[in-house]
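What follows is each chain in one-letter form.
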Amino acid sequence: MIKRTLVFFLIVSLGVTVFSFSAKEEKKTGKQKVINTIVIDPGHGGSDAGAHGVYSYEKDICLDISLKLGKMIEKEFPDIKLLYTRTTDSYPALHTRANYANENKGDLFLCIHVNSAPAKRMSELTGYKTVTYYTGKGKNRKKKTKQVPQYRYYTMPSNAKGTETYIWGAHKSEEKELAVRENSYIYMEKDFEKNYGPNFDPNSPEAVAVSLLKTKQYFKRSATLAGYVQDEFAKVGRVDRDVKQRGVGIWVLQATAMPSVLVETGFISNPEEEKYLNSQEGQTEIADCIVKALRKYVKWLEDKQEDDKDKEDKKDDGGSKSAGMSRDNRDFLEMVDKMEKQRMSK
């Protein structure tokens, strides 16, 4: 009995020691989750069918791929909260999708779409037609004939194929910055009072400057994830049409206060691609590529977090605690202040 009691206390003591050590290590590293919430946005829906192929519509393919993607993300990242802008054949307005992502404090916005290209106009020579015409005037007027080629015109489906991933256009950064600023509560760090001061005003010039920094950060993160997505597609043999910025902008990307990408998964206008996009194999492969890219993206964020922590530790060791915000923000605000003084002096 005594031996059994001693063994019991030994096990309990060992468990407490291990737990305490783990807790201290976690507190020491200060490692935080780099992504808490992902919002998946299946394009179109409801009355908006999107592009169409020979037998299918974009809205249905977008929803099927998005639901498969969500299940894979849940399995790969069980701690990440997953939300959808739609899970049925419905049409949430674009501003509703963006507001939903912002209100739920999303850390990443994944928009799934299907591409389309116009049919090619073709022509085929079918023969010649004899046409009569006249030259000259009066007595010199002569009748002549000539052979005019006749063509048959028709269209052929576009042979465009492959994937491309969009981020919001750099020329649309003002709209993105506005979205970031209007949803400032989303990007504020948990201890923002410590970093920015107890009287930090989200509408102040300083806050606007910080939101510009956040916009720049979101652009870099969006471009990084988009690059990873295209890399994964290329690995499985899809045609890589690269990371792009659309000239007219993509509203849901610039209106969401978070990193955001729109994946064009293939061309429904190409019969070969339409078959692939509607197949279980194709949809699973597309979703798998995005998940693998997301895995790389999370690792990249975690590595970046460690690098930032190391820099912060070195700064603290050097006794540089004069500022209440990060060095990047402080340097940027100093630059803004300098430019403002120059403008006022003119």
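Keep in mind the model is a prediction, meaning the values are calculated, not measured.

K.L.:
Explain the overall build of the protein to me, please; I cannot follow it from the model alone.
P.N.:
Per the secondary structure count, the protein includes eleven helices and eight strands. The 346 residues of the protein split such that 38% are buried. The contacts of the protein with a sequence gap of at least 6 include a subset with a gap of at least 24, amounting to 79%. Carbon and sulfur atoms make up 53% of the accessible area of the protein, which totals about 20900 Å².

K.L.:
Can you walk me through the pairing of strand β5 (residues 142-156) in this structure?
P.N.:
Note: strand β4 (residues 120-135) against β5, 15 bridges, orientation antiparallel. Counted as the bridge partner of E124 is R152 from β5. Where β4 hands over to β5, the hairpin turn is made up of six residues, of which G136 adopts a positive phi near 75°.

K.L.:
It is not clear to me how the packing of aromatic side chains should be interpreted in this structure. Could you clarify?
P.N.:
Aromatic rings in a pair are described by how distant their centres are and how their planes are angled relative to each other. Under the criterion given, the structure shown has two aromatic pairs. An angle of 40° between the planes, with centres 6.4 Å apart, marks the rings of Y151 and Y153 as tilted. The ring of Y134 carries the charged tip of R141 above its face, separated from the ring centre by 4.1 Å. Between the NZ or CZ atom of K146 and the centre of the ring of Y133, over which it lies, the distance is 5.4 Å.

K.L.:
In this structure, what is going on with helix α2 (residues 58-76)? I would like to understand it.
P.N.:
Helical geometry note: an α-helix holds 3.6 residues per turn, so side chains three or four residues apart project in the same direction. Helix length check: α2, at 19 residues, gives a terminal C-alpha distance of 27 Å against a target of 27 Å (1.5 Å per residue), a fit within 8%. Looking only at α2, the buried set comprises E58, K59, I61, C62, L63, I65, S66, K68, L69, G70 and I73.

K.L.:
Explain the sheet that holds strand β6 (residues 163-167) to me, please; I cannot follow it from the model alone.
P.N.:
For sheets, the rule is that strands pair by backbone hydrogen bonds, running either parallel or antiparallel. Here we have six strands laid out as an open sheet, ordered β2-β1-β3-β8-β6-β7, and mixed in their pairing. Sheet topology places β2 (81-84) and β7 (240-245) at the edges, where each strand pairs with a single neighbour. Averaged over all pairs of adjacent strands, the angle between their axes in this sheet comes to 20°, without regard to strand direction. Taken together, the five bridges between strand β1 (residues 37-42) and strand β3 (residues 108-115) define a ladder with parallel strand orientation.

K.L.:
Mind showing me how you'd approach unusual backbone geometry here?
P.N.:
Most peptide bonds take the trans configuration, and most residues that are not glycine carry a negative phi. Even without being glycine, H44 reaches a positive phi, approximately 60°. Mapping H44 onto the fold places it in the loop between β1 and α2.

K.L.:
Please explain helix α9 (residues 271-278) as it appears in this structure.
P.N.:
Buried residues of α9: E273, E274, Y276 and L277, and no others. Buried residues along α9 cover an arc of 165° about the axis, so they all sit on one side. Exposed residues pointing more than 90 degrees away from the buried face of α9 are listed as E272 and K275. For α9, the capping residue at the N-terminal end is N270, with a side-chain oxygen 2.9 Å from the backbone nitrogen of E272.

K.L.:
Explain the pairing of β6 to me, please; I cannot follow it from the model alone.
P.N.:
Each regular strand shows side chains that alternate between the opposite faces of the sheet. Among the five residues that make up β6, five are buried, leaving the element largely enclosed by the rest of the structure. The side-chain alternation of β6 yields two buried faces, one formed by T163, T165 and I167 and the other by E164 and Y166. Two strands pair when backbone bridges link them, and β6 and β7 are joined in this way by four bridges, in the parallel orientation. In the sheet register, I167 faces β7, and the bridge partner there is Q245.

K.L.:
How should I be thinking about the nonpolar core in this particular structure?
P.N.:
One recurring pattern in soluble globular proteins is that nonpolar side chains are buried together. Grouped together as the largest cluster of nonpolar side chains are 39 residues, with contacts concentrated most on I35, I38, L69 and I73. When residues of this core are traced back to their parent elements, those giving at least two are β1, α2, β2, β3, α7 (205-235), β8 (260-267), α9 and α10 (280-317). When residues of this core are assigned to their parent elements, the largest contribution, ten residues, is made by α10. Apart from the residues lying within four places of it in its own chain, the contact partners of I35 are I80, D107, L108, L294, Y297, V298 and L301.

K.L.:
Please clarify how the side chain of E164 should be interpreted in this entry.
P.N.:
Its location among the elements puts E164 in strand β6. Excluding residues within four positions of it along the chain, E164 makes contact with N115, Q230, R241, D242, K244, L262, V263 and E264.

K.L.:
Quick question: what am I supposed to make of the environment of E164 here?
P.N.:
The exposure class of E164 is buried, given its relative accessible area of 4%. Taking C-alpha positions, E164 is 9.3 Å from F233, a pair spaced 69 residues apart along the chain. A distance of 3.0 Å separates polar atoms of two side chains, one belonging to E164 and the other to Y166. At 2.9 Å, the side chain of E164 forms a polar contact with the side chain of R241.

K.L.:
Just checking my understanding: could you explain a nonpolar patch on the surface for this structure?
P.N.:
A cluster of nonpolar side chains, contributed by L125, Y128, Y151 and Y153, occupies part of the molecular surface with about 470 Å² of accessible area. Contributing elements (two or more residues each) for the nonpolar patch: β4 and β5. With respect to the helices and strands, L125 occurs in strand β4.

Basis of the calculations
Residues numbered from 1 in each chain as written. Predicted model: local features only at pLDDT ≥ 70, side-chain atom pairs only at ≥ 80, totals over all residues. Heavy atoms only, no water. Helix = DSSP H or I, 4+ residues; strand = E, 2+ residues; numbered from the N terminus. Buried < 20%, exposed > 50% of the residue type's maximum accessible area, 1.4 Å probe, protein only. Contact = heavy atoms within 4.5 Å. Areas by Shrake-Rupley, 256 points an atom, 1.4 Å probe, with all protein chains shown as cover. Pairing = 2+ DSSP bridges. Phe/Tyr/Trp six-rings, centres within 6.5 Å; stacked < 30°, edge-to-face > 60°. Lys NZ or Arg CZ within 6 Å of the ring centre and 35° of its normal. Expected span 1.5 Å × (residues − 1). Axes fitted to C-alpha atoms, helices over the stretch in contact; angles between N-to-C directions. Arc of directions from axis to C-beta. Polar contact = N/O pair within 3.5 Å; in protein donor to acceptor, adjacent residues only side chain to side chain. Core = buried A, V, L, I, M, F, W, Y, C linked by side-chain atoms within 4.5 Å. Patch = residues over 30% accessible without salt bridge, like charges linked within 9 Å, V, L, I, M, F, W, Y side chains within 5 Å. Salt bridge = Lys/Arg side-chain N within 4 Å of Asp/Glu carboxyl O.

Note that every value here comes from positions in space, so none of it alone points to a role or purpose.
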